[in-house]
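If you want the building blocks of each chain, they are given just below.
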Amino acid sequence: MSTETSVALSLSGGGYRAMLFHAGALYRLCDTGWLERLDRVSSVSGGSIVAGQLATQWDALMARPSLPDSYRALVLDPLLALSRHTVDAPPIAKGIVAFGGIASKVATAYRNHLYGDTTLQEIPDHPRFVFNATNLQSGSLWRFSKPYARDYRVGGIENPNFDLGTVVAASSAFPPFLSPVILHVPRNLWTLPGADPAFERKSRISRIILSDGGIYDNLGLETVKRFSMLFVSDGGGAFECMLKPHTNWLGQLRRVLAVEDSQVRSLRKRAVIDRYKSGALSGAYWGIRTNVQDYGLLDTLPVLHSETLRLAAIRTRLASPGSVDTLKLVNWGYAICDAALRRYVDNSMLPPKEFPFPEALL
């Protein structure tokens, strides 16, 4: 792959909060002509929900005359419709009693509301969509894409035919309640070798046990390291100080997982921003917790930082944030993406006249 003209987009995790924030950012990429220039979309968790819908509608989207209008009808509106449904609570309630099968219920919800029976082999060759999960067996990133599904230690299979509902459920399998997703892969399908001989000695494995991609890489950066231009949309929530952390085992476990997630996210964010600053990478990063005033533009869409911080603090769940906050999250993703593009990519770009949903002011 040449790195001279390659353009990638990374969509972070963060449940419905991130899904709606990314949906707004993609809307602005449509307006500015950048969406159709993408060569790769790498996604994690909530970002994978958006990427899955974009992948299923890509060909239809590009065939229509007005890209922004088509995006709204084919991608944004179905995501808004999904956001009105709480997907995680019924599976969690059933899983607490049944101890299993939770992830399959989430996958079914994705199929029913968004993707139908679309498989990886039915999405476009270009741009390449990469859906990231974490392999709990190898401790590595498991990548789903049209050409292959694999991780570097275990190996993988070529031309996988997994349906997008299952793929996105694996990428968004928040531990412990929505995790794991178990893939059954007959041993004779393994064609891509792995680097770890432990898996070769076992003639590879018949089951892959996957959890949320954010465990390994919550920004979806691992699969776009070789690209020369990268847009990063970060819908990750805030990490809050806790004066009295829980001392019971379950409470401690949840707090430790939160600390580890925050550390991994911060390290990856610093690394990519350092590459921007050094000139090794072009593009832009925008985050749900970013202060729009930091971009130094006088003509951004009007937002209150206190209000955007409130939106950033919405819990990471597959649960409806409410009708007003749903539209505000889309507006916020649209506004901060616009500021990042005009500050770091093209300062001749005209500012937008209004939010996608003017009735939901920030």
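The shown structure was predicted, so the numbers you read here are calculated from the model rather than taken from an experiment. By convention here, each chain's residues receive numbers from 1 onward along its written sequence. Confidence filtering applies because this is a predicted model: local features only for residues at pLDDT of at least 70, side-chain atom pairs given and counted only at 80 or more, and all residues used for totals across whole chains, interfaces and linings. Side-chain measures here rest on the full set of heavy atoms in the structure, leaving out hydrogens and waters.

A. Representation of the overall build of the protein within the structure. Secondary structure follows DSSP: runs of H or I at least 4 residues long count as helices, runs of E at least 2 residues long count as strands, and numbering of each begins at the N terminus. Each helix and strand counted, the protein has 11 helices and 10 strands in total. Exposure is judged per residue with a 1.4 Å probe applied to protein chains only, and the accessible area is read against the type maximum: over 50% gives exposed, under 20% gives buried, and values in between give partly exposed. For the protein, with 362 residues in total, the buried portion stands at 54%. Put simply, of all contacts in the protein between residues at least 6 apart along the chain, 75% involve residues at least 24 apart. Accessible surface is estimated by sampling points in the Shrake-Rupley manner with a 1.4 Å probe; for residues, cover comes only from the protein chains shown. Looking at the protein as shown, the accessible area adds up to about 16200 Å², and 53% of this sits on carbon and sulfur atoms. We call two residues in contact whenever any of their non-hydrogen atoms come within 4.5 Å of each other.

B. Representation of the pattern of salt bridges in the model. One speaks of a salt bridge when a side-chain nitrogen belonging to Lys or Arg is within 4 Å of a carboxyl oxygen belonging to Asp or Glu. All chains considered together, the criterion is met by 11 salt bridges. For Asp125, the salt bridge identified is with Lys146, shortest N-O distance 3.1 Å. One end of the pair, Asp125, is in the loop between helix H5 (102–115) and strand E3 (128–135); the other, Lys146, is in the loop between strand E4 (140–144) and strand E5 (148–151), with 21 residues separating them in the sequence. For Asp125, a relative accessible area of 60% gives the class exposed. Look at Lys146 and you get buried, because its relative accessible area is 16%. Each of the salt bridges in this network shares a partner with another, and the network as a whole consists of Arg28, Asp31, Asp299, Asp338 and Arg342.

C. Quick peek at the pairing of E3. Counting buried positions along E3 gives 7 out of 8 residues, so the element sits mostly inside the fold. Here a strand pair is declared whenever DSSP counts at least two bridges between the two strands. As paired elements, strand E2 (residues 40–44) and E3 share 5 bridges and run parallel to each other. Opposite Arg40, over in E3, you have Arg128 as the bridge partner. Summarising the sheet, E3 and E4 pair through 5 bridges and their orientation is antiparallel. Among the inter-strand pairings, Ala133 is bridged to a residue of E4, identified as Trp142. Both E3 and strand E8 (residues 207–212) contribute to a ladder of 3 bridges, which runs antiparallel. Pairing of Ala133 across the sheet is with Asp212, part of E8.

D. The arrangement of the side chain of Arg28 in detail. Assignment of secondary structure puts Arg28 in helix H1 (residues 15–32). Two N or O atoms form a polar contact when they lie within 3.5 Å of each other; inside protein one atom must be a possible hydrogen donor and the other a possible acceptor, and for residues adjacent in sequence the pair counts only when both atoms belong to side chains. There is a polar contact of 3.0 Å between the side chain of Arg28 and the backbone oxygen of Leu350. Among all residues touching Arg28, those that are not within four sequence positions of it are Tyr334, Cys337, Asp338, Leu341, Met349, Leu350, Pro351 and Pro352.

E. Representation of the UniProt feature "active site" (unreviewed entry) in the protein. UniProt records the feature "active site" (unreviewed entry) at Ser45 and Asp212, using the numbering of this structure. For the residues just named, distributed over 168 residues, the greatest C-alpha separation is only 6.3 Å, placing them together at one site. Along the chain, the position of Ser45 falls in the loop between E2 and helix H2 (46–63). Among the residues examined, Ser45 registers a relative accessible area of 1% and is labelled buried. The residues touching Ser45, leaving out its near neighbours within four places in the chain, are Gly13, Gly14, Ser171, Ser172, Phe174 and Asp212. Along the chain, the position of Asp212 falls in strand E8. Overall, the relative accessible area of 5% leaves Asp212 in the buried class. UniProt positions are given in the numbering used here, feature names are shortened, and annotations may be inferred rather than shown by experiment.

F. Structural detail: the environment of Leu82. Inspection of the secondary structure assignment puts Leu82 in helix H3 (residues 67–83). Leu82 sits 27 residues away from Ala109 along the chain, and the two C-alpha atoms are 9.2 Å apart. Ignoring any residue separated from it by four or fewer positions in sequence, one finds Leu82 in contact with Tyr16, Met19, Ile49, Val87, His113 and Leu114.

G. Molecular detail of the packing of aromatic side chains. Aromatic pairing here means that ring centres of Phe, Tyr or Trp (its six-membered ring) are within 6.5 Å. Orientation follows from the plane angle: under 30 degrees is stacked, over 60 is edge-to-face, and everything else is tilted. What the rule picks out here adds up to 10 aromatic pairs. Ring centres of Tyr27 and Tyr71 lie 5.5 Å apart, and the angle between their planes is 45°; this geometry places the pair in the tilted category. With a gap of 44 residues between them, Tyr27 in helix H1 and Tyr71 in helix H3 connect regions that are remote in the sequence. Here the two residues Tyr27 and Tyr71 agree in accessibility, since each one is buried. Judged by centre distance (5.3 Å) and plane angle (80°), the rings of Trp34 and Phe231 are edge-to-face. Of this pair, Trp34 sits in the loop between H1 and E2 while Phe231 sits in strand E9 (residues 229–234), and the two are 197 residues apart along the sequence. Across the pair, Phe231 and Trp34 agree in class, each one buried. What links up through ring pairs into an aromatic cluster is the set Trp142, Phe144, Phe162 and Trp190. Should the NZ of a Lys or the CZ of an Arg lie within 6 Å of a ring centre and within 35 degrees of the ring normal, that charge is described as sitting over the ring. The side chain of Arg37 reaches across the aromatic face of Trp34, ending 3.9 Å from its centre.

H. Examining H3 more closely. Taking 1.5 Å of rise per residue, 17 residues should cover 24 Å, and H3 covers 23 Å from first to last C-alpha, within 8% of that figure. Of all the bends found along H3, the most pronounced is centred on Leu76 and spans about 35°, while Pro78, a proline, follows it within four residues. Those residues of H3 not exposed but buried are Leu67, Ser70, Tyr71, Leu74, Val75, Leu76, Leu79, Leu80, Leu82 and Ser83. The inward-facing, buried residues of H3 contact H1, H2, H5 and helix H11 (323–344). By definition here, a helix of n residues has an expected span of 1.5 Å times n minus one. By definition, a residue's bend is the angle between the axes fitted to the seven residues ending there and the seven starting there.

I. A look at the nonpolar core. Among buried residues, those of type Ala, Val, Leu, Ile, Met, Phe, Trp, Tyr and Cys that are joined through side-chain atoms within 4.5 Å constitute a nonpolar core. Ile49, Phe131, Phe144, Phe231, Trp286 and Trp332 are the most contacted members of the largest nonpolar core, which totals 97 residues. In terms of residue count, H11 provides more of this core than any other element does, 11 residues in total. Ignoring anything within four residues of it in the chain, the contact list for Phe144 reads Leu120, Phe129, Val130, Phe131, Ala133, Ala149, Phe162, Val167, Ala170, Leu183 and Leu210. Counting 11 residues, the second largest nonpolar core, distinct from the first, contains Ala8, Leu221, Val232 and Val272.

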